[in-house]
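Reading the structure
Listed below are the residues making up each chain.
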Amino acid sequence: MKLTTKKKIGRNDPCWCGSGNKYKKCHLAQDRQGSTAPPPVKSSGWKRSLDRKLRIELKSKEQIEGIRRASQLTREILTRLEDIADVGVTTGEIDQFVYDFTVERGARPATLGYKGYPKSCCTSINEVVCHGIPSDRKLLSGDIINIDVTSLLDGFFGDASCMYLIGDVSEDARQLVEITKECLDLGIAAVRPEGRIGDIGHAIQTHAETHGYSVVRQFVGHGIGTKFHESVQVPHFGKPGDGPWMVPGMVFTVEPMINAGRYGVKILDDDWTAITRDGSLSAQWEHTVAVTETGVDILTA
Ligand code: MF3
Ligand code: CO
Ligand code: CO
């Protein structure tokens, strides 16, 4: 989802990230994209583990099972797409498959009509960071494509995405796809009760930047369950010990977008498609996860 900062945050207001620091001392510089320096961490201030102001809805065991059922439908679709996404196939045909399969299972594609979005999935090729709209664009040998699917089943949402390599893909592109998958796995490995949301982004950012890549700032993971996008926001960059606490029953996505070049993005005239500013390749993988008493449960696994 797009990184949102509710109203406009004043310099002296608390930062959107939930750190309790003033915005100017926290994410202001990053939000202006003028700096890659992580914000300073305040050592004290987190007395309660769950910040009521953030209105994060904790899910019951029953709700989590509902989200898992929607997530498993999403997984089945993504798995079947491995045999469909190939040279010569259009992204529109991929979208039609997602629609048909979803509806046949008694579910709805959550993106269809969401804030005016016209299709049943997102198809983001090469320099497209996210929210690529399916069209008559044929897949070509050498393309890398992210297909992002969200199913709405019996009132619950499951959101995941994968990368697909089309035909003969360059070594550079393969490596970006692989390291981005590792970023997702490392981010999820940081999910645990009493951990902090910033731990996730830190793990992802460290791995991406070690390989000379950059982490997209403008789009973040999100709470999910009974709504498509809900509190909490999960940046894919950050500092360990920063941000809201993780509490059992929280359900959110981790969905790092990693660019081969710089992290800046721009939105095309269709008002959806986000591409890298510098034209470099971008990759993304996504899971929906739940925080448990002991660690993490990957609902879209
Ligand atoms: N599935 C995307 C996500 O991971 C959201 C797509 S919203 C759309 O959050 F409207 F662009 F489809
Ligand atoms: Co998502
Ligand atoms: Co998604």
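Structure shown above.
Report follows, based on the coordinates. In this text the structure is predicted, and so the values were computed from the model without any measurement.

Protein-derived ligands of the cobalt ion (ligand 3) are D148 (OD), D148 (OD), D159 (OD) and E286 (OE), with the metal-ligand distances lying across 2.1 to 2.4 Å. Coordination at the cobalt ion (ligand 3) comes from six donor atoms whose angles at the metal span 58 to 168°, giving a geometry best classed as irregular. Written as a sequence motif, the donor arrangement for the cobalt ion (ligand 3) is D-x10-D-x126-E. Here the cobalt ion (ligand 3) and the cobalt ion (ligand 2) are spaced 3.3 Å apart, linked through D159, which binds each one. Note that D159 is positioned in strand β5 (residues 156-165) and E286 in the loop between β13 (282-284) and β14 (287-291), a separation of 127 residues in sequence. Judged on exposure class, the residue D159 and its partner E286 are both buried.

Here we take up the sheet that holds strand β3 (residues 128-130). Spatially, β3-β12-β11 is the arrangement adopted by the three strands of the open sheet, whose pairing is antiparallel. A single partner strand is all that each edge strand has here, and the edge strands are β3 and β11 (265-267). Adjacent strand axes in the sheet meet at a mean angle of 40° when their direction is disregarded. Judged from the two bridges that link them, β3 and strand β12 (residues 274-276) form a sheet pairing that is antiparallel. Residue pairing for β12: V128 is matched across the bridge by I275.

What follows covers the coordination of the cobalt ion (ligand 2). Bound to the cobalt ion (ligand 2) on the protein side are D159 (OD), H222 (NE2), E255 (OE) and E286 (OE), at distances that span 2.0 to 2.2 Å. Classification of the site at the cobalt ion (ligand 2) as irregular follows from its six donor atoms and the range of 52 to 163° in their angles at the metal. Donor residues for the cobalt ion (ligand 2) sit on one chain with the sequence pattern D-x62-H-x32-E-x30-E.

With that settled, the discussion passes to the pattern of salt bridges. Going through the model one piece at a time under the given rule, you end up with nine salt bridges. Between R68 and D297 there is a salt bridge, and its shortest N-O distance comes to 2.8 Å. Highlighted residues: R68 in helix α2 (residues 61-81) and D297 in strand β15 (residues 296-298), separated in sequence by 229 residues. Judged by relative accessible area, which is 23%, R68 ranks as partly exposed. Judged by relative accessible area, which is 23%, D297 ranks as partly exposed. By sharing partners, the salt bridges in this structure join E57, K59 and E230 into a single network.

Another aspect to go through is a positive patch on the surface. A cluster of basic residues, R11, K22, K24 and K25, forms a positive patch at the surface. By the secondary structure assignment, R11 is in the segment before α1 (28-31). For R11, a relative accessible area of 48% corresponds to the partly exposed category.

Take a negative patch on the surface next. On the surface, E171, D172, E178 and E182 cluster together to form a negatively charged patch. Looking at the secondary structure, you find E182 in helix α4 (residues 171-189). The exposure class assigned to E182 is partly exposed, which follows from its relative accessible area of 31%.

Spatial ordering of the open sheet is given by β6-β10-β13, a layout of three strands whose pairing is antiparallel. Two strands bound the open sheet, and with one partner strand each, they are β6 (214-215) and β13. Each of β10 (257-259) and β13 is contacted by α4, which is oriented at about 40° to β13, the strand it contacts most.

Relative orientation of the contacting elements α4 and helix α5 (residues 197-210) amounts to 155°, with a least axis distance of 8 Å. Classified by the interaxial angle, the pair formed by α4 and α5 is roughly antiparallel. As for the relative orientation of α4 and α5, their crossing is right-handed in sense. Two secondary-structure elements touch here, α4 through I179, E182, C183, L186 and G187 and α5 through I200, A203, I204, H207 and A208.

A few words now on the side chain of D148. Residue position: D148 is located in strand β4 (residues 144-153). In this structure D148 is buried but unpaired, with R75 as the nearest side chain of opposite charge at 9.6 Å. Not counting residues within four places of it along the chain, the set of residues in contact with D148 comprises C121, C122, D159, A160, S161, E255, Q284 and E286.

Closest axis-to-axis distance for the α2/helix α3 (residues 91-104) pair is 11 Å, and the angle between their directions is 140°. Here the hand of the crossing between α2 and α3 comes out right-handed. Residues L73, E76, I77, R80 and L81 of α2 form the contact with α3, whose own contacting residues are I94, F97, V98, F101 and T102. Across the contact of α2 with α3, the residue classes tally to seven nonpolar, one polar and two charged.

Quick notes on the rules
- The numbering scheme is per chain: residues are counted from 1 as the chain's sequence reads.
- Lettering of chains starts at A and numbering of ligands starts at 1, both following the order in which they are written.
- This being a predicted model, a pLDDT of at least 70 is required before a residue's local features are given, and a value of 80 or more before pairs of side-chain atoms are given or counted; all residues contribute to the totals for chains, interfaces and linings.
- As a rule here, side-chain values come from all non-hydrogen atoms in the structure, and water together with hydrogens is ignored.
- Coordination partners: N, O, S within 2.8 Å of the metal, 3.2 Å for Na, K and Ca; water not considered, so apparent gaps in a site are possible.
- Only two sets of limits are used to name each site, 85 to 135 degrees for every angle of a tetrahedral four-donor site, and over 155 degrees for opposite donors with all other angles from 65 to 115 for a square planar four-donor or octahedral six-donor site, with any other site named irregular.
- Under the scheme used here, helices are H or I runs from DSSP no shorter than 4 residues and strands are E runs no shorter than 2 residues, and both carry numbers assigned from the N terminus.
- The classification of residues rests on relative accessible area computed with a 1.4 Å probe and restricted to protein chains. Under 20% of the type maximum is buried, over 50% is exposed, and intermediate values are partly exposed.
- Two strands pair under a simple rule: DSSP has to find at least two bridges between them.
- Only the stretch in contact is used when fitting a helix axis, every axis being a line fitted to C-alpha atoms; angles between N-to-C directions are given from 0 to 180 degrees.
- We define a salt bridge as a contact between a side-chain nitrogen of Lys or Arg and a carboxyl oxygen of Asp or Glu at a distance within 4 Å.
- Two joining distances apply to patches: 9 Å for like charges and 5 Å for nonpolar side chains (Val, Leu, Ile, Met, Phe, Trp, Tyr), and every residue must have over 30% relative accessible area and no salt bridge.
- Using the Shrake-Rupley algorithm and a 1.4 Å probe, accessible areas are obtained, with residue cover drawn only from the displayed protein chains.
- In this count, Lys and Arg are taken as positive residues and Asp and Glu as negative ones, while His and the chain termini are left out.
- The atoms used to mark charge sites are NZ of Lys, CZ of Arg, CG of Asp and CD of Glu.
- We call two residues contacting when some pair of their heavy atoms lies within 4.5 Å.
- Any angle from 65 to 115 degrees is called roughly perpendicular, while one under 35 is roughly parallel, one over 145 is roughly antiparallel, and all others are oblique.
- Each helix crossing is assigned a hand: it is left-handed if the near helix lies turned anticlockwise from the far helix by less than a right angle, otherwise right-handed if that turn is clockwise.
- Gly is placed with the polar residues, together with every amino acid not listed as nonpolar (Ala, Val, Leu, Ile, Met, Phe, Trp, Tyr, Cys and Pro) or charged (Asp, Glu, Lys and Arg).

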